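Take a look at the letters that make up each chain.
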Amino acid sequence: MASLGVDIPQGEDVMLDVDGIGVRIVSDHARCVGINPTFRAYPVLLYTLGQDTYQLDAPTSWQQCLEFMDDPFGDADSGLARMSKLDFLDLFTQAELEALKGLEASVPSVAVFWEKYRAAEYMNLTDPRTVASIRALETAGLIAAGRADRILAGEEP
């Protein structure tokens, strides 16, 4: 709190103004889970830009939070390697998404794909876990031959 230049707020859910930026501080665990059930560590920064919300777990300084808000996907040179989860889904055809969703309960590799998707803060097309999952879908014939390369290149259908 000292790095924000503010006193410790009174209450379990308060809004502060820090250099013109609205900062919500929630200290009640149950309320934190209700706001964002996917957080992994305290503190957590949730930054909303348009309709997308980006998450930074366990920032160590306000400066780190500001840098994250300037570029929530990290290095600008990463291009399409990192993207929102919604943008990631746009790399699949509607038919592919419907088939994969329909197989979630009966095909373990598809269930694991969806679990990893739900657990991710964002999608990173260069992350070995993402690459392996997409390639496994193609190998199993769940997406057409050649689709894995196009998806991992960030090409929409």
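Please read all numbers here as calculations on a predicted model, not as lab measurements.

What counts and how
Residues numbered from 1 in each chain as written. Predicted model: local features only at pLDDT ≥ 70, side-chain atom pairs only at ≥ 80, totals over all residues. Heavy atoms only, no water. Helix = DSSP H or I, 4+ residues; strand = E, 2+ residues; numbered from the N terminus. Buried < 20%, exposed > 50% of the residue type's maximum accessible area, 1.4 Å probe, protein only. Contact = heavy atoms within 4.5 Å. Areas by Shrake-Rupley, 256 points an atom, 1.4 Å probe, with all protein chains shown as cover. Expected span 1.5 Å × (residues − 1). Arc of directions from axis to C-beta. Pairing = 2+ DSSP bridges. Core = buried A, V, L, I, M, F, W, Y, C linked by side-chain atoms within 4.5 Å. Axes fitted to C-alpha atoms, helices over the stretch in contact; angles between N-to-C directions. Parallel < 35°, antiparallel > 145°, perpendicular 65-115°, else oblique. Left-handed = near helix turned anticlockwise from the far one by under 90°. Nonpolar A, V, L, I, M, F, W, Y, C, P; charged D, E, K, R; others polar.

A. Looking closely at the overall build of the protein chain. Within the protein chain, the secondary structure is distributed over seven helices and six strands. Listed N to C, the secondary structure of the protein chain is β-β-α-β-β-α-β-α-α-α-β-α-α in terms of helices and strands. For the protein chain, the residues scored as buried account for 33% of the 157 residues in total. If you take every contact in the protein chain between residues at least 6 apart in sequence, the share linking residues at least 24 apart comes to 38%. With an accessible surface of roughly 9,400 Å², the protein chain has 55% of that area assigned to carbon and sulfur atoms.

B. Highlighting helix α5 (residues 108–119). For α5, built from 12 residues, the straight-helix expectation of 16 Å at 1.5 Å per residue is met to within 8% by its first-to-last C-alpha distance of 16 Å. Restricting attention to buried positions, one finds in α5 the residues V110, F113, W114 and Y117. Along the long axis of α5, the arc covered by the buried residues comes to 90°, so they all point the same way. Against the buried residues of α5 lie α3 (85–89), α4 (94–103), β6 (123–124) and α6 (128–139).

C. Fine view of the pairing of strand β2 (residues 21–26). Bridging between strand β1 (residues 13–18) and β2 involves six bridges; their strand directions are antiparallel. For D17, the partnering residue across the bridge sits in β2 and is G22. With antiparallel pairing between neighbouring strands as the criterion, β1 and β2 make up a hairpin whose turn holds two residues, including D19 at a positive phi of roughly 55°.

D. Local environment of the nonpolar core. In terms of nonpolar packing, the biggest core is built from 19 residues, with F88, F92, F113, W114, I134 and L137 touching the most fellow members. Of all elements in the fold, only α3, α4, α5, α6 and α7 (147–152) reach the threshold of two or more residues within this core. The element that contributes the greatest number of residues to this core is α5, accounting for four residues. In this view, F113 contacts F88, F92, L100, S133, I134 and L137; residues no more than four positions away in its chain are not counted. Formed by 11 residues, the second largest nonpolar core is a distinct cluster that contains V14, V18, V23 and W62.

E. Layout of α6. With 12 residues, α6 should cover 16 Å at 1.5 Å per step; its first-to-last C-alpha distance of 16 Å lies within 8% of that length. On its buried face, α6 sits against α3, α4, α5, β6 and α7. Downstream of α6 by a residue or two, G141 has a phi angle that is positive, lying close to 75°.

F. View of the packing of α5 against α6. Orientation of α5 relative to α6, taken along the N-to-C sense of each, is 150°, at an axis distance of 10 Å. Relative to α6, α5 is oriented roughly antiparallel. Helix-helix and strand crossings are classified by hand; for α5 and α6 the assignment is left-handed. On α6, the residues touching V110, F113 and K116 of α5 are R129, S133, I134 and L137. Looking at the contact of α5 with α6 residue by residue, the class counts come to four nonpolar, one polar and two charged.

G. The arrangement of the packing of α4 against α5 in detail. Running from amino to carboxyl end, α4 crosses α5 at an angle of 105°, the nearest separation of the two axes being 8 Å. Between α4 and α5, the angle falls in the class roughly perpendicular. Taking contact as the criterion, the partners of L97, L100, K101 and L103 in α4 are, on α5, V110, F113, W114 and R118. Among the residues making up the contact of α4 with α5, the classes are represented as six nonpolar, no polar and two charged.

H. How the structure looks around the environment of Y47. Looking at the secondary structure, you find Y47 in strand β3 (residues 44–49). The spacing of Y47 and V23 is 24 residues in sequence and 9.8 Å in space, taken between C-alpha atoms.

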